[in-house]
Each structure stands twice: as C-alpha cells, then as structure tokens.
Protein chains: 4
Amino acid sequence: MGRLLLRCADRAGLVAAVSAFLADAGANIVSLDQHATEQSGGIFMQRTIFHLPGLPAARDELERDFAERVAGPFGMDFRLTEAAKPKRVAIMASKEDHCLLDLLWRNRRGELDMSVAMVISNHPDLADQVRPFSVPFIHIPATKDIREEAETRQLDLLRGNVDLVVLARYMQILTPRFIAEVGCPLINIHHSFLPAFIGAAPYRRAKERGVKLVGATAHYVTDDLDEGPIIEQDVVRVDHRHGVEDLVRLGSDVERVVLSRAVLWHCEDRIIRYGNQTVVF
Amino acid sequence: MGRLLLRCADRAGLVAAVSAFLADAGANIVSLDQHATEQSGGIFMQRTIFHLPGLPAARDELERDFAERVAGPFGMDFRLTEAAKPKRVAIMASKEDHCLLDLLWRNRRGELDMSVAMVISNHPDLADQVRPFSVPFIHIPATKDIREEAETRQLDLLRGNVDLVVLARYMQILTPRFIAEVGCPLINIHHSFLPAFIGAAPYRRAKERGVKLVGATAHYVTDDLDEGPIIEQDVVRVDHRHGVEDLVRLGSDVERVVLSRAVLWHCEDRIIRYGNQTVVF
Amino acid sequence: MGRLLLRCADRAGLVAAVSAFLADAGANIVSLDQHATEQSGGIFMQRTIFHLPGLPAARDELERDFAERVAGPFGMDFRLTEAAKPKRVAIMASKEDHCLLDLLWRNRRGELDMSVAMVISNHPDLADQVRPFSVPFIHIPATKDIREEAETRQLDLLRGNVDLVVLARYMQILTPRFIAEVGCPLINIHHSFLPAFIGAAPYRRAKERGVKLVGATAHYVTDDLDEGPIIEQDVVRVDHRHGVEDLVRLGSDVERVVLSRAVLWHCEDRIIRYGNQTVVF
Amino acid sequence: MGRLLLRCADRAGLVAAVSAFLADAGANIVSLDQHATEQSGGIFMQRTIFHLPGLPAARDELERDFAERVAGPFGMDFRLTEAAKPKRVAIMASKEDHCLLDLLWRNRRGELDMSVAMVISNHPDLADQVRPFSVPFIHIPATKDIREEAETRQLDLLRGNVDLVVLARYMQILTPRFIAEVGCPLINIHHSFLPAFIGAAPYRRAKERGVKLVGATAHYVTDDLDEGPIIEQDVVRVDHRHGVEDLVRLGSDVERVVLSRAVLWHCEDRIIRYGNQTVVF
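Residues numbered from 1 in each chain as written. Chains lettered and ligands numbered in written order. Predicted model: local features only at pLDDT ≥ 70, side-chain atom pairs only at ≥ 80, totals over all residues. Heavy atoms only, no water.

Considerations on the packing of aromatic side chains
Using the following cut-off: Pairing of aromatic side chains requires ring centres within 6.5 Å, counting the rings of Phe and Tyr and the six-membered ring of Trp. Pairs whose planes differ by under 30 degrees are stacked, by over 60 edge-to-face, and all others tilted. Going along the chain from the N terminus, every DSSP run of H or I of four or more residues is numbered as a helix, and every run of E of two or more is numbered as a strand. Each residue is assigned to one of three classes by its accessible area relative to the maximum for its type, calculated with a 1.4 Å probe on protein chains only: buried under 20%, partly exposed between the two thresholds, exposed over 50%.
If you walk through the whole model with that rule in mind, you get 8 aromatic pairs over all chains. Ring centres of Phe21(B) and Phe66(B) lie 5.1 Å apart, and the angle between their planes is 70°; on these two criteria the pair is classed as edge-to-face. Placement of the pair is Phe21(B) in helix α1 (residues 14-24) and Phe66(B) in helix α2 (residues 55-74), with a sequence separation of 45 residues. The two residues Phe21(B) and Phe66(B) agree in class, both being buried. Grouping aromatic residues by their ring pairs yields a cluster made of Phe21(A), Phe66(A) and Phe78(A).

What follows is the structure in structure tokens.
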C-alpha cells in the first residue's frame, strides 16, 4: 500500500491528473481525500492511498515519474510513502510519565504505526518504566546553562535516525537551531484552556479563574514556541469540587489521549500542513 | 456547483474514470470524498463537488453522458444534483415543538439548504408557532383507526412535491405502503440510550436503570421501524439529581441538534446509504 | 419550597447550626449541597432546599430569625428565596437571534424558572420574532456616542423591576456605572477558544490558527469586561472542512446552550459566587 | 478524615440529627452531599466527610454511638470509613491489558485511593506486564468445565482479604454463588452502544448497524449479568472510516477511562446504591 500526499495551488484537472497517473501505473486507489482552502484560487491538498503490487521495488521509479510527469508541471509539493514502513520515532520526556507510557503501551498493542527508536530524557527517573518496552532510554542532562551542549548530543542521536520527534511533556525549551537541524517534524503537547492561560502554573491560575473545562492541544513545533499548527485538541469537564491537583490529573488524561491521536495520524500520513494550520484527513 | 454521488462495486480505475470525465466536461473538482468498504472487493462510494460554468443548462446532457460513458460501464448507481437547487422538504410533527421549531428557525437563518414546502401535523396545536415562518401548516388527524385514510391524504400532498420528509417527533406509525409510495427518503429522530430502551416510557425506564447518559439517533426510515440506517447520534450526561422530566428536557436538546445535523447533511447531499449503514462525507 | 444560600468563613458546626435552625422551624430539608474551598480555613458555601408549609406567610419572620440566630453569629452572607416565585428577567440583545429566541422558547416550554419582563435591543430587527412570545420589546438605540443617554433609559426600565439581566449577544459595551446601578446580576455569553482569541473577528482568527474546537463561556458581568466569574463552558469539534461561517454557526449552537444552562442555574438559585469564581450546586 | 455514608426512608430532621451528632463528637463537616429520590416519601442518602482528630482510635466507639443514637432510631443503613485507609482491591483480568494496566498505572501515580492486593487471571499472558508494579499475579485457569473449582480457588484468595473486586475485562462468567460468597462489591466494565448490542461480537454488529458512537459502562455486578447498577458511562464518536478493529481500539480507550473513574469513586466512598441505581456524590 502506498500513500501519496500532495499540496499545490488549486487549478482544474488536478484530481484527474493524479488518478490517471496512478491508473497508468497499475495502482488501484483505495482511499482518496482532498481539500481546497477556497472555492477557487486557494491551496489544494490531497491524500491518496493506493494498492500497487511490487511497490517496494518500483517505488523510486514511481517517485521519479510522478515528479516529472505530474508534480513538476503542476508545481506540487509531494510525499510518497509506503504504509508497510513504520515511521521511526524518538520520544523526548522529562519526569512525567503519562504521555510517554501511553505512547509506548499503545505501540506495543500495535495501535500506532511506528517504531520507537529511542527515548531521550533530561532526567533518569523514567528509565525503569521504559525498560520493559525494550526501547533504548538515553539520559541527557539538560538545563538552561548547558542547553547548547545538550542539544548537540541530542542532535547526534536524532539526525538521520528518526522520522519524527515527539515531545511527551519534555520540559526544556528547544532552540530554533535544534528545530532547524533535527531534520524531521516535532509534535508537542501542552495544556490548553478556555480562556487560555499562558506561562507558569496554568492549572493554578485556571482554578482561580473557575474554569469549567480543562484541555490539551497537540501541535507541530515551530520557532514560535507553542504557536505551531494545531493537530488535535480536546477537553474534559471540571467543577468547583476539583482542586488544582484534580485539574492536573484530568488534564493529564486529556493530554495523553490528544497526543496519541496526533502521533497516530502523523504516522499514518494523514496530516498536511499549510500556513499555520493542518488538514487531518 | 454540481454534486455527483455514486456507488458501485469497487475496482481499479474508478476515481480516474470519473475525474477524467469531469475534466473533459470542463468541470473543476472542488471537493472529492470517497470510501471503499473493503480494501478490495467491497463497495465503492464517492461524492464529488465540481464547478462547471453553465451547469443548469448543461445538466441533462451531462447526466446522459455520464450514464453512458461511466456509470453504465462501471455498473454505478449515481445521482447528479445542483447545489443551487435547495431540497424541497416536508416536516411532519405531532405536539412537541422542539425539533420542528429548530428546523424552521435554522432554515430562516440560512443554516439549512432547504425549502420547507409544508408542515403536516396530526394535531392543530403547533399551527400558531409555525405561522410566523410563512410555511403552510396542514392539520391531518391521524389515529390507528383512520391510518389508511390519513396516509392517503398525506400522500396526496407529498408525492412528487418534496425531496425529503422529516419526521420531527411525529408520533404516529407510518405503514410500509406510505414509505413505498411517498417517493422520497424519510428521516426520523428517536431517543437512544446506553443500554437502549425500546418501547413505551423510555425515559422513565432509563431513570429506573440509573443511566448516566441520554441521547438521540437520527436515521432513515425503512419498513423496520426505528431500525433504518443511522445518520447521526449524540448524548448528554445526566446524573442522579435529574428526574424523569429533566431526562426528557435534556433528551429534547440532543434530539433537535442531532436531527438538524442529519437534515443538513442530507440536504447537502453528503450521505450515501449502503446495506443498513450510511457514509456521511 | 424555600431555598437558603449562604457563604461564610469555614468553621466547625456550620451545617449543624443551619439544619438545627431549619428543623426547629418545622422545615424538612429536601436537598443540601455545600462546598468548602479548603480543608480548613477556607470559604464555606451551602445551598439548602427545604419544605415548609406556609412559607410565603412565614418568610419574613424566618429571614429575621435566621439573620439573628445563625447568620449574625457565624458572619454569614445569605439569601432566602421561594422556589414558587420565578425570577423577573430582562434580556438584552442586538441583531443576532439565536440566544434570545432560545431563552424565550425554553421559557415558553416551562424549562426556565423565570418570567421575562422585557427584551431591550439597540436595534429594531428582532421585534417581529419576539412579539409571538407576548414579551415587551423595547428598542433603545445605543452607540458609543450616545452610550450615557441609552444607559439612562435602560436603567429607568430595569432598576427595581428585574432580578437578572441576560446579555444575549448584546453587542454594546456596558459602563461600570450601568453595572453598579442596575441593582441585579448580569449574565453574559461570549465565544471562547483554545487558545483564546480576544478582540475583533475571533472566528476568522481561530480559523487561521486552525483550531479543532470552538466554544462558548457564560459568565457574570463585572467591571472587567468578559473577565467575570465563569458559570458554564462548552465546546464543539470542528475540522479543516469548516469555513469561518461554519465556525460561527457551530459556535452559535454552543452559545445558546451554554447561556440557557447558566440562566437556568441562576434562576434555580444554584450558583454562589466567591472571588472570581462560581460554585454551581 | 472520616466518611459517613447513610441511606434510609426520608423524613424531616435527618440532616439535623446527623450533623448535630457529628458536632457533639467534635467533628467538623468538610463536605456533605445528600439526595432524596422524591420530594417526600422517598429514599434519603447522604455522604458526609468530616475531620475529627484522633479518629482512628475513636472510630469503634463513634460507630457504636452513631448506631445507637442516630442510625437505630431513624432506621438507617450506614457505613463509616477512614479516608486514610485505602481500599484493598483485587483485579481480575483475562488476556486484554488495557483496563488492568491503566488501573495499576494510575494507582502507582497515586491517583486511585487503593492498595492492589492481587491480580487474578485465567490466563498467564499478562504476568510480565503486572510484575513491574510489584503486585502478586495469580494464574487460576478457568473455563466453563472447571468453573466451580476455579471459583473455589478464587474465593480462597479473596474472601476476607479484599474490599473490592474489579473485573477488568475478565471474560469468564461468575456464578451467583461466587458473587454471594466473595463478601465485597464487584465492579465490571462492558461496552455499551446506542442501540445496544447484547451477546457475541458486539463491535462487528455495531459496525454493521453503522453506529456513530461507541461507549462503555461500568456497573456493580449482581446476579443479573451485566444488568447491575450503572456507575459511569461514556462514549466516543466514530464514523464510516472506522473498521471493526478501530471500534475495538476506540472502545478500549473509553473502557479504561470509565472503569478507572468508577473504581476511583468507589474507593473514595462516593457511591451509594439503591434499587438498581447508584448515586455518585
């Protein structure tokens, strides 16, 4: 099974061109989703899942052909992947276990289409919990003072080795240099509220404001800290009987679910980014 | 803007054939959704929205051409509609106003892409509430004893005049003859629970069972009463402080929202039926 | 049926003192909820529903006795109301009808325990829709330039005549003077997002940010515009296929439900305010 | 901190009697919730959390006094527990890990107020996953043919040793004899649908029916299999793109959350049963 994702300026004949190309190549379209941001003149995005016997051997040639015959003429960005090749993923965490363990556990159950290459943490605390999953746990101390050195060590491990980095409650800031050099997308999870509380002690401030919902947002990481394209959000109801600790606990429940959905969709190549937004097919 | 919905046995080349046909006809695909029930050998369904200048004039020819060149060879059921032509809808109600008024009100706001041809009720109670919406209100008494006569009068009004009948808490049973002869789909709303309570006094029995959720299901009507293809469902939380009356009130809130979603999606030609299921694109 | 709401510094014996007082007075406690903000040393709040034959006649004396024998010694704020006396409510609206009509419609169904004294609008547009509900519709033009004069006219109508003012999408700013002089609580509804968008065109900006949820917040009005104690919040899921207009439509659906819940709870004396928060019993 | 739960026929003076008793005993009421099933003549239930220095030593005498002076005269069922004494819990599971692991993991985080005495399984598969949590894993084979023998072995381990048995996807039927002799409540989790699917292969049948929601119900176990008092329910949305496997996966997510909430509430003594219902304070 192959997956073809593409994005270009909208114009007539795009779907026809792509589906004709795939039919010519002997591929059967199993699923096709597309979206145009405007009725006309917007951005066009498409995700096509196709079945093509012998895809692994034929892939490079198919990619070249598509680039030459379709993507070039239409000015498309595109990505061709094989469903059978799970994404290689690194998870970065600090001391909190809920997001990290949920990802590892779901992956062991076969729910996530990924291969976890390593867990990197700036604390040693979670090593014992990661070990039973047979995933390398690498402790790289990181603080504001040794950020550059820490990031260099992290980059040495990550660059070229993974297709995705998941920040599963990793509590250190990553520099623009890290994001530029890591060479793959990063997904982050953070709390989110209505209205939002940015900065320190969000749950305490949310409690003081008497919010009736707490939630979480998973997003791609960009240089604008916590402002990257949103992938998924969800909330849970709270009331006056919930103290700050309860908000944190219930927020954690939402965080792990929201993050795992975002990672699943990324690993299934369901997400296309444009502007500061995502389309999730 | 045109909408092309189709359903057939899955096989290679379907998307290509349809999109090539539309490109040839000078149409630009604005949106395309498709779904196959199996990876191969299942049922294939597709909804395509396309832009074609001069569609109203060209429509009949386009339909003939498509039937001949694509639908015939591939054995497709298909439907070609114009977005600019709102569905003609009849609403049938009894004494409860929440579903009926919500549909009329949403339509007045322009939220639903429909033209309400008439409201038929077996009681006169709601006439005053319907009048301000400038929609004909027709009172046709109906009981078990005069069912045949009542249905004959209803069919005289409906047959050929409407594209959809919405049962907005219409509390009389409709016979298979009515469903066969009315000549258009019917959408119904009924309560639904976890676990479900079929039969009389559902909210009282749900209360006795101590349910923590009440909900509603909108579905197409078939001869199997309340067992037709589900279009939409939703629920709301309740607890021990809610009495039977509260369950009814909260259930009504869910009913009107679920029914209006189902009607909206139908009027936008988003729904394709197969077996006893629906695909909602 | 009587309702006794109270708030004071927490200390031992509060529940005992209140329930002994009510038992002495011949009242049977039907329902009692209480909440303390801390395990000790916090604020104590309690809502008690009691049954007392002859309450309307005995009310004034009961209130005096309670003030003298319980509220005084314990330093309580309290409020004693009769369930049989619905709150007198004024609704203020502008051009959008969804919140206003939903309140009027729910009240006609008997869902809200209130008597709508008047609708005040700064536009004449909604007069025709209000009339069938037999509620006075008063048009008081209001703009930034004539704010003081408009508020004076509004206050003349409201002061002493209503127990609650509901801002059902009233799009003019109210001055601190108005809030101080109106002499009753005000409930407002506004959109809310994760992360929040303050200021103009919130739905457009939310769309640009690619949010996956839109929501609404009902709150009491204080001098801090839109920052008063939250009563209720809810959200609905959206995705990339929803345009700005869809967000507005779906947001409206949440707004009317959230506002009607807040008004219901207020009218049932379920809400106690403290700090910038609410307890909803 | 002490917890007093009681249930009796409703009558005037109940709250006063209980709170006077506690005040006399030097206890400060931290939280009090009560519920009457009818306005008068129904069942009265109350949960009181109180602070009393020296409770562990004074407990037995307090219990005797309360029985004599309050519970006896008012015909109350009651239960007096200490918050500091976590419930002793046995978890029974088969091959599926999601509910079991979530309970163990939440307990390790300190989210659940329980001490897990043992895990009993009719399969050895989950032993490796339980071991890191330092909880005894006991494999007791159980099939229809050796049910009596298996239950005898289970009862030998459970009777007198635990305060609660949680069936975390335990796939064997338990006999009325087991339920009668185990001497403590049992909580079970099962899927639930709108409309419900009882019997084998529920997710496949739900898929064939085209449901738009899948859910889970946690309930106390009675002799009527899967018909005991509901503690908690929740649902998640699905659509036509979800296959049977997706329904199972998403259903599992709901199951673990719903079960963990039910167990938490039970361990915090929040639940009072009456008839076939629960009150969750």
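Structure's up, so let's keep going.
Quick look at the UniProt feature "domain: ACT" (unreviewed entry) in chain A
Note the cut-off: UniProt positions are given in the numbering used here, feature names are shortened, and annotations may be inferred rather than shown by experiment.
When the UniProt feature table is mapped onto this chain, "domain: ACT" (unreviewed entry) is found at residues 3-78 of chain A. As a span, residues 3-78 of chain A carries 41% helix and 36% strand, and end to end its C-alpha atoms are 10 Å apart.

Some details on the relation of the copies chain A and chain B
To keep it simple, the criterion reads: Fitting of the copies onto one another was done by least squares over C-alpha atoms, counting residues only where both copies have pLDDT of at least 70. Contacts are residue-level and defined by heavy atoms, with any inter-residue pair within 4.5 Å sufficient.
The two copies are related by a screw motion: chain A maps onto chain B through a turn of 180° and a shift of 0.0 Å along the axis, at an RMSD of 0.0 Å. Within this description, the copies of the chain are treated as partners about a two-fold rotation axis. A shared interface surface links the copies, since 100% of the contact residues of chain A are contact residues in chain B too.

A closer look at the UniProt feature "active site" (unreviewed entry) in chain A
With numbering aligned to this structure, UniProt lists the feature "active site" (unreviewed entry) at Asp226(A). Its location among the elements puts Asp226(A) in the loop between β10 (213-220) and β11 (230-237). Residues contacting Asp226(A), with those up to four places away along its chain left out, are Asn188(A), His190(A), His219(A) and Arg209(C).

What to know about the pattern of salt bridges
Just so we agree on the cut-off: By definition, a salt bridge exists where a carboxyl oxygen of Asp or Glu is found within 4 Å of a side-chain nitrogen of Lys or Arg.
In this structure the tally under the stated criterion is 128 salt bridges over all chains. Its salt-bridge partner being Arg256(B), residue Asp102(B) comes within 3.7 Å of it at the nearest N-O pair. With Asp102(B) in helix α3 (residues 98-109) and Arg256(B) in helix α8 (residues 244-267), the pair connects residues that are 154 residues apart, well separated along the chain. Take Arg256(B): its relative accessible area is 3%, and that puts it in the buried class. Measuring nitrogen to oxygen at the nearest pair gives 3.9 Å for the salt bridge that ties Glu82(C) to Arg59(C). With Glu82(C) in strand β4 (residues 77-82) and Arg59(C) in helix α2 (residues 55-74), this residue pair connects regions lying 23 residues apart in the sequence. In this pair, the class of Glu82(C) matches that of Arg59(C), namely buried.

Considerations on the interface of chain A and chain B
Selection rule: Summed over both partners, the accessible area lost on bringing two parts together, with a 1.4 Å probe, is the buried area. What qualifies as a polar contact is a pair of N or O atoms within 3.5 Å, subject to a donor-acceptor requirement within protein and to the restriction that residues adjacent in sequence count only when both atoms come from side chains.
Each partner contributes residues to the interface: chain A has 18 residues there, and chain B has 18 residues. A buried area of about 1500 Å², summed over both sides, lies between chain A and chain B, and 55% of it is on carbon and sulfur atoms. Looking at the side of chain A facing chain B, the largest losses of area belong to Asn28(A), Gln34(A) and Gln39(A), adding up to 29% of the total buried there. The interface formed by chain A and chain B includes 0 salt bridges. Between the two partners, chain A and chain B, sit 3 residue pairs in polar contact (both at pLDDT 80 or more). Contributing elements (two or more residues each) for the side of chain A that touches chain B: α1 (14-24) and β2 (28-36) of chain A. Looking at the side of chain A that touches chain B, the element that brings in the most residues is β2(A), giving 8 residues.

Some points on the packing of helix α7 (residues 202-209) of chain C against helix α8 (residues 244-267) of chain C
Residues and elements named next belong to chain C. Just so we agree on the cut-off: Interaxial angle, 0 to 180 degrees, is taken between N-to-C directions of lines fitted to C-alpha atoms, where a helix line uses only the stretch in contact. Helix crossings get a hand from a simple test, with the near helix turned counterclockwise from the far one by less than a right angle marking a left-handed crossing and a clockwise turn marking a right-handed one. By the convention adopted, Pro, Cys, Tyr, Trp, Phe, Met, Ile, Leu, Val and Ala count as nonpolar, Lys, Arg, Asp and Glu as charged, and the other residues, Gly among them, as polar.
Taken N-terminus to C-terminus, the directions of α7 and α8 make an angle of 115°; their axes are 9 Å apart at the nearest point. Where α7 crosses over α8, the handedness of that crossing is right-handed. Residues Tyr203, Arg204, Ala206 and Lys207 of α7 lie in contact with α8, whose contacting residues are Val244, Leu247, Val248, Gly251 and Glu255. For the contact of α7 with α8, the class distribution of residues is 5 nonpolar, 1 polar and 3 charged.

A short note on the side chain of Gln46(D)
All names here are of chain D. Along the chain, Gln46 turns up in strand β3 (residues 43-51). Here the side chain of Gln46 touches Thr48 through a polar contact of 2.9 Å, side chain to side chain. Leave out the neighbours within four places in its chain, and Gln46 touches Leu4, Leu5, Leu6, Val15, Val18, Leu32, Asp33, Gln34, Ile272 and Phe281.

A few points about the domain arrangement of chain A
All names here are of chain A. Convention followed: Bear in mind that the domain bounds are from an automatic or database domain assignment.
Segmentation of chain A into domains returns domain 1 (2-82) and domain 2 (87-280). For domain 1 and domain 2, the distance between their C-alpha centres works out to 31 Å. Counting residues at the interface gives 12 residues for domain 1, matched by 11 residues for domain 2. Counting each side, the surface lost to burial between domain 1 and domain 2 is near 920 Å², with a carbon and sulfur contribution of 55%. Applying the counting rule to domain 1 against domain 2 returns 3 salt bridges. Of the charged contacts in the structure, one is a salt bridge between Arg3 and Asp269, with a shortest N-O distance of 3.0 Å. For the pair domain 1 and domain 2, the number of links is 7 residue pairs in polar contact (both at pLDDT 80 or more).

So, the pairing of strand β13 (residues 277-280) of chain C
For a regular strand, side-chain orientation follows a simple rule: the groups alternate between the two sheet faces. Residues and elements named next belong to chain C. Our working definition: Whether two strands pair depends on DSSP finding at least two bridges between them.
Of the two faces of β13, both are covered, the one formed by Gln277 and Val279 as well as the one formed by Thr278 and Val280. Summarising the sheet, strand β12 (residues 271-274) and β13 pair through 4 bridges and their orientation is antiparallel. In the strand pairing of β13, Ile272 is matched with Val279. The antiparallel hairpin formed by β12 and β13 contains 2 residues in its connecting segment, where Gly275 sits at a positive phi of about 50°.

Remarks on the side chain of Thr278(A)
Tracing the backbone through its elements, the reader meets Thr278(A) in strand β13 (residues 277-280). Here the side chain of Thr278(A) touches Ile230(A) through a polar contact of 2.7 Å, landing on its backbone oxygen. Within the structure, Thr278(A) has its side chain in polar contact with the side chain of Lys212(C) (distance 3.1 Å). Not counting residues up to four positions away in its chain, the partners in contact with Thr278(A) are Tyr220(A), Pro229(A), Ile230(A), Ile231(A), Ile271(A), Ile272(A), Arg273(A), Lys212(C) and His240(C).

Description of the environment of Glu181(A)
Residue and element names in this part refer to chain A. Relative to the helices and strands, Glu181 is located in helix α6 (residues 176-181). On the accessibility criterion, Glu181 (34% relative accessible area) is partly exposed. In contact with Glu181, other than residues within four places in its own chain, are Leu155 and Arg159.

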